[in-house]
Structures are given as structure tokens and as C-alpha cells.
Amino acid sequence: MSLAAPGSLSIDGKPFTVGIVAARYNPELVGALVEQVSAQLVAAGVKNKSLVVERVPGSNELPVAVRLLLKKRRFDVVVALGVLIRGDTIHYELIAEAVTHALQTVALDAGVPVINGVVVAENQAQAEARCRGPVNRGAEFAQAALEMAQLKKRLSR
Ligand code: RBF
């Protein structure tokens, strides 16, 4: 994946209700992503009461949890967070592909943007660099969430 993330736009997060669904697998790394995403959103003006965080066991459970969340309450955007690290089998690849497709399906069905914040890494070091190292995917996911929430508000009737 490229490191050429889009530059951050200055978007006021005050009007937005944001859901975060986070996997408990690889807890320290996902925890770092949750912290970064939440901190960026709050810094942009999203109110604490407009930020809902739900946990699921692993990345495979993210799509259904996002769907349940969207059925329960109105959200401007949902961020799905997980860390998949290559193991001895291709299991992580299967989950990565299935989750990617399912998150898109849920988003398109609901007409609500869902940010794919699942970090897929070859090894622990790669995952570390992306979750609490120099790459900072969390900030990128938060920016994408703000941009898509704004776009949804602008284009929805
Ligand atoms: N979930 C993750 O979020 N990240 C992982 O790296 C991860 N690795 C897994 C490896 C194996 C062999 C299995 C069986 C599950 C793994 N899971 C992982 C959990 C998965 O997302 C899901 O919670 C379980 O498969 C139950 O549906």
C-alpha cells in the first residue's frame, strides 16, 4: 500500500456523529488506532457524546457489528478498526479480503460511509509501524472519516 496519503483538510467535526467499531485481536495495536482516531476526531470538534465505540472479538466480526450499529442509530460515518497479521496459514488473507468486501457492502447498502481501518501486515514490525510508529494510519482514517461525513452531509437530502 502506498504511503502517499492525502493531505489533511481542515474539517469541522462538530456536527458529526461517528461510530468506531474495533477488534480486540492484537489489542495493543488496535488500541493505539482507537486512541489516534478518537483523538483526531475530538481535536476536529467531534463531541465525546457523538463518538460511539463498540468492540468485537476479531476483524472478521467488524462488518456485522457496523451493520448492527447503523440499524440502531443514525451515524454520519463509521470507522472499522482491526489489525491482521500474517500467521502460518492463509487465514489472515481470507479474513482481509472478506472484511474488505463486506465493509463496502454494508456501506453501500446503508448509504453511510464506512472507513476501512483494518491494517493488514506481513509481520509484527510492519503492524507496529502503522499503528503506533511513523506511518500513523490512525490519523489517516480519522481524516477520511471527516471528509466522508462532510461529503455525505453535502450530498444527502
Ligand atoms: N483477527 C484479527 O483481527 N487479526 C488477526 O490477526 C487474526 N488472526 C487470526 C488467525 C486465525 C488462525 C484465526 C482462526 C482467527 C484470527 N483472527 C484474527 C480472528 C478472526 O477475525 C475472528 O474473530 C475469528 O475467526 C472468529 O470469527
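Structural data are supplied above this passage.
Residues numbered from 1 in each chain as written. Predicted model: local features only at pLDDT ≥ 70, side-chain atom pairs only at ≥ 80, totals over all residues. Heavy atoms only, no water.

## Focus: the environment of alanine 65
Reasoning step 1: As for its placement among the helices and strands, alanine 65 is situated in helix H2 (residues 62-72).
Reasoning step 2: Spatially, the C-alpha atoms of alanine 65 and alanine 32 are 20 Å apart, while their sequence positions differ by 33 residues.
Reasoning step 3: Setting aside residues up to four positions removed in sequence, alanine 65 forms contacts with Val21 and Val56. (Helix = DSSP H or I, 4+ residues; strand = E, 2+ residues; numbered from the N terminus. Contact = heavy atoms within 4.5 Å.)

## What to know about the site of the ligand
Reasoning step 1: By nearness alone, every residue bordering the ligand is listed as Tyr25, Asn26, Gly58, Ser59, Asn60, Glu61, Val83, Leu84, Ile85, His91 and Ile95.
Reasoning step 2: In the model, a nitrogen atom of the ligand is placed 2.8 Å from a nitrogen or oxygen of the valine 83 main chain.
Reasoning step 3: At 3.2 Å from an oxygen atom of the ligand is found a main-chain nitrogen or oxygen belonging to isoleucine 85.
Reasoning step 4: The fraction of the free accessible surface of the ligand (540 Å²) that becomes covered by protein chains is 67%.
Reasoning step 5: Mapped onto the shell around the ligand, the elements with two or more residues apiece are strand E3 (77-85) and helix H3 (91-110).
Reasoning step 6: In terms of residue count, the dominant contributor to the shell around the ligand is E3 (three residues). (Near = heavy atom within 4 Å. Polar contact = N/O pair within 3.5 Å; in protein donor to acceptor, adjacent residues only side chain to side chain. Areas by Shrake-Rupley, 256 points an atom, 1.4 Å probe, with all protein chains shown as cover.)

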